[in-house]
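# Structure at a glance
The primary structure of each chain is shown beneath.
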Amino acid sequence: MHILVTGGAGFIGSNLVDALLARGDTVRVLDDLSTGHAENLPAGTDLVVGSVADPDAVSAAMAGVEAVFHEGARGSVARSVADPLTTDTMNTHGTLTVLHCAQRAGVRRVIYASSSSVYGGATAPPTPETAPLVPRSPYAVSKLAGEVYCRVFAELHGLETVSLRYFNVFGPRQRPDSQYAAVIPLFIDALRAGRAVEVHGDGLQSRDFTYVSDVVAGNLAALAAPAEAVSGKVFNLAPGTTQSLLGLLGHLETIIGVTAERNHVDPRAGDVRLSQADNRLMAEAMGFHCEVPFEEGLRRTVEWFAAR
Ligand SMILES: NC(=O)c1ccc[n+]([C@@H]2O[C@H](COP(=O)([O-])OP(=O)(O)OC[C@H]3O[C@@H](n4cnc5c(N)ncnc54)[C@H](O)[C@@H]3O)[C@@H](O)[C@H]2O)c1
């Protein structure tokens, strides 16, 4: 199949590209390389450098494509608090641009990377897709807007769309070297360097951490599922388990074999307290379950850091 992966040079996108190439798909990547890296892609990958918010670049990248995995976005709650306008352009306008160009190009299906941040934190976890949506950051608003556009394009134009709400994804190629880096690469980097780890708040906030190969497998399941079961719909994609930040740190200390000093700093604006998916809808619609146990995923991630 001819497939376009937006954001394919990033952490999740490049893991998805590897899986698609291994299946024998023909893959094109559209990425502005703002946080992604061309070296995440195998040599010879069809990489178009451009923005998902640029209709000309997106139209050109859609030529001959049957399905789109739309991963390209400006991540990070904190970055969106600091710079909401760019988050909105890249994410809200970018997703609308991808859908508009996909529909005009005759693409069959678009699978959209949404986020658990749309819930704004659970009141009674685990959280089903029907829970109230209370986005608490410009990032979360932009991800929710993208979901709504996906449903509207399915209804108005018959473009098949599937929105997958990722929870906290981790694994190889997630980088620690940005002020907006995610917690697992930051903790691994600090532990390996013998530095104190920075813990926002009391460290008892919890997340439904999802290993990246499960997110890739969930995307492939969303591509394969019959349209009547999935199109225009939204699904949580996560193992449905929960780990506190301090619990995560304990696991990493055991795996790496060190103990770190904890440096507690202020909670971050826009961060949620509890996050845990009710994942039954995706299991029912697509027969999909996450498979990689949390500690196994952490072990593989630590190994990737060691081999870098
Ligand atoms: N990592 C997570 O825990 C998580 C959780 C929920 C949702 N998501 C979503 O998953 C997707 C992938 O995230 P990731 O963690 O791999 O982040 P990432 O930053 O590694 O990947 C994003 C990719 O998109 C590219 N990009 C950014 N803006 C772009 C633009 N305007 N045009 C073209 N390309 C652009 C970046 O260069 C990068 O390669 C994003 O849509 C993100 O919102 C991620």
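Residues numbered from 1 in each chain as written. Predicted model: local features only at pLDDT ≥ 70, side-chain atom pairs only at ≥ 80, totals over all residues. Heavy atoms only, no water.

## Digging into the overall build of the protein chain
Spelled out, the test is: Counting from the N terminus, the helices are DSSP H or I runs at least four residues long and the strands are E runs at least two residues long. Both definitions apply: the radius of gyration is a C-alpha atom measure, and the globule rule equals 2.2 Å times residues to the power 0.38. In this scheme, a residue with accessible area under 20% of its type's maximum is buried, one over 50% is exposed, and one in between is partly exposed, where area comes from a 1.4 Å probe on protein chains only. Residues are treated as being in contact if the distance between any of their heavy atoms lies within 4.5 Å. In these tables, accessible area is a Shrake-Rupley quantity obtained with a 1.4 Å probe, and a residue counts as shielded only by the protein chains included in the view. Positive charges come from Lys and Arg, negative ones from Asp and Glu, while His and the chain ends are left out of the count. Charge positions are represented by NZ for Lys, CZ for Arg, CG for Asp and CD for Glu.
The secondary structure content of the protein chain amounts to 11 helices and 13 strands. Relative to its length of 308 residues, the protein chain is compact, with a C-alpha radius of gyration of 18 Å against a globular reference of 19 Å. A principal-axis box enclosing the C-alpha atoms of the protein chain has dimensions of 55 × 45 × 40 Å. Across the 308 residues of the protein chain, 50% fall into the buried class. Sequence-distant contacts, at least 24 apart, represent 80% of the contacts inside the protein chain between residues at least 6 apart. Roughly 12,900 Å² of accessible area belongs to the protein chain as shown, and the carbon and sulfur atoms make up 52% of that amount. Looking at charge distribution, the protein chain has the averaged site of its 24 positive side-chain charges lying 1 Å from that of its 33 negative ones.

## Things to note about the packing of aromatic side chains
Put simply, the rule reads: When two rings of Phe, Tyr or Trp (its six-membered ring) have centres within 6.5 Å they constitute a pair, described as stacked for plane angles under 30 degrees, edge-to-face for angles over 60, and tilted for the intermediate range.
Tallied over the entire structure, the rule returns 6 aromatic pairs. Centroid distance Phe170 to Tyr211: 5.5 Å. Interplanar angle 65 degrees. Geometry classified as edge-to-face. Of this pair, Phe170 sits in strand β7 (residues 168–170) while Tyr211 sits in strand β10 (residues 209–211), and the two are 41 residues apart along the sequence. With respect to class, Phe170 is no different from Tyr211; both count as buried. Residues Phe209 and Phe294 carry aromatic rings whose centres are separated by 5.6 Å and whose planes lie at 20 degrees to one another, so their mutual orientation is stacked. Taken together, the residues span a long stretch of sequence, with Phe209 in strand β10 and Phe294 in helix α11 (residues 294–307) at a distance of 85 residues. Just as Phe209 is buried, Phe294 falls in that class too.

## Digging into the sheet that holds strand β2 (residues 26–31)
For the record, the criterion: DSSP bridges decide pairing: two strands pair if at least two such bridges lie between them. An axis is simply a line fitted to the C-alpha atoms; with a helix, the fit covers only the stretch in contact. Between two such axes, the angle follows the N-to-C directions and lies from 0 to 180 degrees.
With parallel pairing, 7 strands are arranged side by side in an open sheet as β3-β2-β1-β4-β5-β6-β11. A strand with exactly one partner marks an edge of an open sheet, and here the two such strands are β3 (46–49) and β11 (233–237). Going across the sheet, the axis of each strand differs from the next one's by a mean of 20 degrees, ignoring polarity. Here β2 runs beside β3; their pairing, made up of 4 bridges, is parallel. Residue pairing in the sheet places Val29 in a bridge with Leu47 of β3. In the packing of helix α5 (residues 138–157) onto the sheet, the strands contacted are β5 (109–115), β6 (160–166) and β11, and the crossing angle to β5 comes to about 155 degrees.

## Overview of the pattern of salt bridges
For clarity, the cut-off: By definition here, a salt bridge exists when the distance from a side-chain nitrogen of Lys or Arg to a carboxyl oxygen of Asp or Glu is within 4 Å.
This structure, assessed with the given rule, holds 16 salt bridges. Between Arg109 and Glu160 there is a salt bridge whose closest N-O contact spans 2.8 Å. Placement of Arg109 in strand β5 and of Glu160 in strand β6 is noted, with a sequence separation of 51 residues between them. The residues Arg109 and Glu160 share a single accessibility class, namely buried. Between Asp202 and Arg273 there is a salt bridge, with the nearest N and O atoms lying 2.9 Å from each other. Of this pair, Asp202 sits in the loop between β8 (197–200) and β9 (206–207) while Arg273 sits in the loop between β13 (262–265) and α10 (280–286); the two residues are 71 residues apart in sequence, bridging distant segments of the chain. Residues participating in the shared-partner salt-bridge network are Glu66, Arg108, Arg109 and Glu160.

## Some remarks on the environment of Val65
By the secondary structure assignment, Val65 is in the loop between α2 (55–62) and β4 (67–70). Among the residues examined, Val65 registers a relative accessible area of 9% and is labelled buried. A C-alpha to C-alpha distance of 9.7 Å links Val65 and Arg109, two positions 44 residues apart in sequence. The residues contacting Val65, other than those within four sequence positions of it, are His2, Ile3, Leu4, Arg28 and Val107.

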